[in-house]
Amino acid sequence: MTNHWLDLQNAKVFLIEGSNAAENHPMSMRWLTKAKEKGAIVIHVDPRYNRTSKIADIYARIRPGTDIAFLGSIINYILTTKQYDDAYVNLNTNANYLISDDFKFEDGIFSGFNEVDHKYDNVSWGYQLGPDKKPLKAASLDDPKCVMAKLKEFYKRYTFKIGSDISGIPEETIKLIADTMIKNRPGTIMYALGMTQHTVGVQNIRSFGVLQLLLGNMGKPGGGVNAMRGEPNVQGSTDMALLVNYLPGYLAYPNHDQQTINDWSHYAGTFRAKFLVNLLKAWFGDNATKENDFGYGWLAKKNGKKNYSMFRIFETAVEGKMKMLYVMGQNPMVTSSNTTVCFEGLSKLDMLVVADPFMTETASFWEKPGADPKKIMTEVVYLPAASFLEKEGTKSNSGRLVQWNYTMIKPPGQAKSDLEMVDLLFKKVRDLYASSTEEKDQLFKKVTWNYPKENMYEAVLQEIGGFDLKTGEHITKIVDLQPDGSTSCGAWIYAGVYGGGKNLSKRKDNKTDPSGLGIYPGFAWSWPGNMKVLYNRASCDKDGVPLDKKNPLVWWDAAQKKWAGYDTPDVPVATDGPDTPNGQRPFRMSGEGVGRLIAAPYKDPDPKNAELPRDSSGVLADGPMPEFYEPVESPVDNILHPKVAINPCLKYPRMKALQPIGAVKDYPIVLTTSSLTEHWCCGAFTRNVPWLNEIAPETYVEIPEKLGKKLSISTGDKVRVWSARGEVVVPAMVTKRMETLQCNGQEIFVIWMPYNWGFKGLSTAASTNLITIDAGDPNTWTQETKACLVNMAKA
């Protein structure tokens, strides 16, 4: 989240898209309801009418996978009618930056595309630079070479009619949504996996960013783009590098061509290199010195040209190139799309280790219905794990709030917490390598790993929060971190979480809120620096005066000569005022220091180092602006560019024998999937709870009445749903929650299924992911479980 849960109460309008917040994030409704009581308007965009739709003032049914077209038509309307926040856009975005003369976009392809590799050379997307290597700026936003002009030219194709023909949302509804968002500012956007589980998932979210920047809704109370994470601590897990391409704190993971910190800094910048040095000091302690590049050489480097996503884990196993897999806190035999690939991969391993509180489908993959255990040689080791109720530590929620989780419950039998297991495992491995002289094994000898048995969890949090190594004191804030190895910090965004020697995640002051905006600075601790609203410098004008005098968040205090406020000011240096370059960097985590309407590659020069950039702005694999592409399996042609129907950067199928693509003539129905309130994700916990099984006893398929009539299917009938990849037999629910859509004159049938079931637990059923497609977004490789083609008939 750019903002936080309590901040929802400050919004005047909500766009909830790709989320059924009322059911899957029910606590959000507490704050949304407070906003509604003050007159806020709720818009819900979803293929399925659900409990969130019920509380919405405006509901729009959308064809799965067409969000970019819908949002693009709103963005075009704002641009053509000039209803964007002109002062905000000029001050806080790259709208007036000049783009390279070589930049082009034609027939669905941006300049620099390599058809063989499915990759872009993004040089032509960059800015025109001056002698100081800074972007040149246009005199006005009418300059045809500036970002704003390129944006207008790009989006002019996205009329309300095009948006409607692609998405199935009526033109008048799109206009109503656009006008409602324009007239009610600040407004917030809430989204979840319904936006990310697509082959254009990242560009879906980029569309949100462009929209909110144009409306001037970023960095303000009641504004922002707010991701609603699916697990209580999934935010914390990604903060700590659960994502394959990151180190803790979202630092780029080193590639094979970055053999030194200097090499890495050419890519990421000296600003972030400081945080990398602090991470290495936290890991390697006294063994990390300036002379040995702070131990950077001990880190394994990934091949920058390879895909290390979860998909490739199982595909690599199928290819016989992976011998062992350790799975903890995940159940891919239920949650991975096209689970056949997962099963085939697990069957080819020498050993599989699964740590989980319950015997999951992954731990028992060889029991899959129809499998022959005699042909599976994989040795399976099951490690009983403590549940979330039986372990302590921090949980970081969607709003970046880090809270301590207490427990007085001991896990049963020999079950251990994740931290205990990892600690034991590492120490055993270290012992085994103790006598090795090979360079690749030195990592195990050099790493600092001596957490005490008592209070181990707090010891780890202290390491994450950071130390001044000269004084032994805990780091209190990010600016205390030094690039010379005199400080350490396990994740720079958490710097200060143990400031003053106190575990700030344990704080419980829910009474004190001087702002009246729901900030409560003394309740737990938010990263970074206890900040609640990211980019909050943008809530002020160029002179540092709050734009909303009634609800000020931060401001420049001329008397104190520093930035002050109810929230932690999001500025590079607190004492650098509006009359300095640092005082005009409202989006300081980009190289440009401003919000990026076009995501151009850019390396900001370091005034202290002529050879290295200070910071680097990355670009997406599939373009500097969000272009609409159809899902891999689509019921219609791409009316914008038929020859480039799907994301051109997509490589699919990766294994033709296991990843067939269905044609609309054979599979004329669109399937979208999501979760239920009563069952959690893969269901490993909830399907082992009898009373939850009583409420939601089995999986099913929701189908529109018109489709039910066409196929002679009634509620309760057993139906067979099949795709090019597999089939399931489930009961049908014929319902008004699903309706047919009209897209470019064509009738589209959409059905919905939950994915929470498998063949283990107290409630069993075939997994919906047997039939979903495992194509993935080329940036994140998130699976396209929200849109694929199927067929259906009575069983």
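One can find the structure itself at the top, above this paragraph.
About the cut-offs
Residues numbered from 1 in each chain as written. Predicted model: local features only at pLDDT ≥ 70, side-chain atom pairs only at ≥ 80, totals over all residues. Heavy atoms only, no water. Axes fitted to C-alpha atoms, helices over the stretch in contact; angles between N-to-C directions. Helix = DSSP H or I, 4+ residues; strand = E, 2+ residues; numbered from the N terminus. Parallel < 35°, antiparallel > 145°, perpendicular 65-115°, else oblique. Left-handed = near helix turned anticlockwise from the far one by under 90°. Contact = heavy atoms within 4.5 Å. Buried < 20%, exposed > 50% of the residue type's maximum accessible area, 1.4 Å probe, protein only. Lys, Arg positive; Asp, Glu negative; His and termini not counted. Salt bridge = Lys/Arg side-chain N within 4 Å of Asp/Glu carboxyl O. Expected span 1.5 Å × (residues − 1). Phe/Tyr/Trp six-rings, centres within 6.5 Å; stacked < 30°, edge-to-face > 60°. Lys NZ or Arg CZ within 6 Å of the ring centre and 35° of its normal.

## What to know about the packing of helix 4 (residues 67-80) against helix 10 (residues 201-215)
- As a packed pair, helix 4 and helix 10 sit with axes 10 Å apart at the nearest point and diverge in direction by 20 degrees. Considered as vectors, helix 4 and helix 10 are oriented roughly parallel to each other. For the pair helix 4 and helix 10, the sense of crossing is left-handed. Counting all contacts with helix 4, which are made through D67, I68, L71, I74, I75, I78 and L79, the residues of helix 10 involved are Q203, N204, S207, F208, V210, L211, L214 and L215.

## Quick word on the side chain of K281
- When you line up the elements, K281 lands in helix 13 (residues 270-284).
- Of the side chains with opposite charge, D286 lies nearest to the buried K281, which makes no salt bridge, at 4.8 Å.
- If we skip the residues at most four places from it in the chain, K281 touches D286, A288, F294, L469, G485, T487 and S488.

## A closer look at helix 10
- The terminal C-alpha atoms of helix 10 lie 22 Å apart, and with 15 residues this matches the ideal 21 Å at 1.5 Å per residue to within 8%.
- Counted residue by residue, helix 10 has 15 buried out of 15 residues, so it is predominantly covered.

## Notes on the packing of aromatic side chains
- Applying the stated criterion across every chain, the model contains 33 aromatic pairs.
- Here F426 and W449 contribute two aromatic rings whose centre-to-centre distance is 4.1 Å and whose plane-to-plane angle is 15 degrees, an arrangement assigned as stacked. One end of the pair, F426, is in helix 17 (residues 418-432); the other, W449, is in the loop between helix 18 (442-446) and helix 19 (456-465), and 23 residues separate them in sequence.
- Classification of W449 by relative accessible area gives buried; the value is 18%.
- One aromatic cluster in this structure is built from F103, F105, F110, F113, Y120, W125, F154, Y155 and Y158.
- In this arrangement the basic side chain of K301 is found over the ring face of Y296, its NZ or CZ atom lying 4.6 Å from the centre.
- One Lys or Arg, R400, reaches over the ring of W527 and ends 5.9 Å from the middle of that ring.

## Section: the pattern of salt bridges
- Overall, the coordinates contain 37 salt bridges when judged by the stated rule.
- Put simply, K156 and E153 hold a salt bridge, and the shortest N to O gap is 3.1 Å.
- The class for K156 is partly exposed, based on a relative accessible area of 48%.
- E438 serves as the salt-bridge partner of K440, at 3.9 Å between the closest nitrogen and oxygen.
- Overall, E438 belongs to the partly exposed group, its relative accessible area being 45%.
- If you follow the salt bridges from partner to partner, you end up with R312, E315, E319, K321, R654 and D774 in one network.

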